[in-house]
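One-letter residues, chain by chain:
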Amino acid sequence: MSPTIPKVAIPPEKWTQSIYSTPDSCLAKAEADKLSAMKFDPSFFSQAYTQCLGRGLSHKECIASLPSDSSITPGGPLTAKAANEELSAAIACMGEHGDPDKCSTHFEALKVLAGYKEEVKKSSTEKAKDFASKAGWNLLAVPVIYYGMKFIKIK
């Protein structure tokens, strides 16, 4: 008998994609560039404790005076105190009703706190301005080509 490959929901070639990205339907997209910026120094507290003991303080005094690790990655926008009330209200609403449609106002407030903005439709003049800014100095050739087309006949 030869070993068989187990059937899995996510094929092995998409495992890294499932870790570093989010599903398309998810509003909270993963920020892969911030994953590498995460820090944790496992020796931080042991070094601080050893230095404290070296100063001649007791075990209890050293434990009480340990500083917090300042090199940890800061939390996202939903960890702020203002978001705490909105998040609690959304959780309470879902616990009470159980229907996401009845709690949509709370979800909209969370969306605003997290920094999501609705996509704004651009007018044709804004699209033209964006195109002109992207084209840059290459747009100077348009009048020259337009004038030159008077003398060129395309059959």
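Residues numbered from 1 in each chain as written. Predicted model: local features only at pLDDT ≥ 70, side-chain atom pairs only at ≥ 80, totals over all residues. Heavy atoms only, no water.

## Quick word on the overall build of the protein
- Within the protein one finds eight helices and zero strands.
- The N-to-C order of helical and strand elements in the protein reads α-α-α-α-α-α-α-α.
- Scaling as 2.2 N^0.38, a compact globule of 155 residues should have a C-alpha radius of gyration of about 15 Å, whereas the protein reaches 29 Å, well beyond that.
- Looking at the protein alone, contacts between residues at least 24 apart form 35% of all its contacts between residues at least 6 apart.
- Of the roughly 13800 Å² that the protein leaves accessible, carbon and sulfur atoms contribute 63%.
- Each charge class in the protein can be summarised by its mean position, and for the 19 positive and 17 negative side chains these summaries are 13 Å apart. (Helix = DSSP H or I, 4+ residues; strand = E, 2+ residues; numbered from the N terminus. Rg over C-alpha atoms; globule rule 2.2 N^0.38 Å. Contact = heavy atoms within 4.5 Å. Areas by Shrake-Rupley, 256 points an atom, 1.4 Å probe, with all protein chains shown as cover. Lys, Arg positive; Asp, Glu negative; His and termini not counted. Charge placed at Lys NZ, Arg CZ, Asp CG, Glu CD.)

## What to know about helix 5 (residues 81-97)
- Compared with an ideal rise of 1.5 Å per residue, which puts 17 residues at 24 Å, helix 5 spans 25 Å between its outermost C-alpha atoms and is within 8% of the ideal.
- Residues Ala83, Ala90 and Cys93 constitute the buried set of helix 5. In a view along the axis of helix 5, the buried residues occupy a sector of 90°, so they form one face of it. Across helix 5 from its buried face, at more than 90 degrees, point the exposed residues Lys81, Glu85, Ile91, Gly95 and Glu96.
- Lining the buried residues of helix 5 we find helix 6 (104-114).
- Positive phi appears at Gly98, one or two residues downstream of helix 5, with a value of about 80°. (Expected span 1.5 Å × (residues − 1). Buried < 20%, exposed > 50% of the residue type's maximum accessible area, 1.4 Å probe, protein only. Arc of directions from axis to C-beta.)

## As for the confidence of the model for the protein
- Confidence along the protein averages 82 in pLDDT terms, with 94% of residues attaining 70 or more.
- Mean pLDDT per element in the protein: helix 2 (residues 32-35) is the minimum at 70, and helix 4 (residues 59-64) is the maximum at 91. (pLDDT = per-residue confidence, 0-100.)

## Some points on the pattern of salt bridges
- As enumerated under the stated definition, the model contains three salt bridges in all.
- Of the charged contacts in the structure, one is a salt bridge between Glu108 and Lys111, with a shortest N-O distance of 3.7 Å. Of this pair, Glu108 and Lys111 both sit in helix 6, three residues apart, roughly one helical turn.
- We note a salt bridge from Lys111 to Glu118, for which the minimum N-O separation is 3.1 Å.
- Connected through salt bridges with shared partners, the residues Glu108, Lys111 and Glu118 form a single ionic network. (Salt bridge = Lys/Arg side-chain N within 4 Å of Asp/Glu carboxyl O.)

## As for the packing of aromatic side chains
- Following the criterion strictly, the structure yields two aromatic pairs and no others.
- A ring pair is formed by Phe44 and Phe45, whose centres lie 5.1 Å apart and whose planes are at 80°; its orientation type is edge-to-face.
- With 5.3 Å between their ring centres and 75° between their planes, Tyr147 and Phe151 make a pair best called edge-to-face.
- Phe151 gets classed as exposed once you look at its relative accessible area, which sits at 60%. (Phe/Tyr/Trp six-rings, centres within 6.5 Å; stacked < 30°, edge-to-face > 60°.)

## Concerning the packing of helix 5 against helix 6
- At a closest axis distance of 9 Å, the pairing of helix 5 and helix 6 adopts a crossing angle of 150°. It follows from the interaxial angle that helix 5 and helix 6 lie roughly antiparallel. When the axes of helix 5 and helix 6 are compared, the crossing they make is left-handed. Note on element contacts: helix 6 touches helix 5 through His106, Phe107, Ala109, Leu110 and Leu113, opposite Ala82, Ala83, Glu86, Leu87, Ala89, Ala90, Cys93 and Met94.
- When its residues are assigned to classes, the contact of helix 5 with helix 6 shows eleven nonpolar, one polar and one charged. (Axes fitted to C-alpha atoms, helices over the stretch in contact; angles between N-to-C directions. Parallel < 35°, antiparallel > 145°, perpendicular 65-115°, else oblique. Left-handed = near helix turned anticlockwise from the far one by under 90°. Nonpolar A, V, L, I, M, F, W, Y, C, P; charged D, E, K, R; others polar.)

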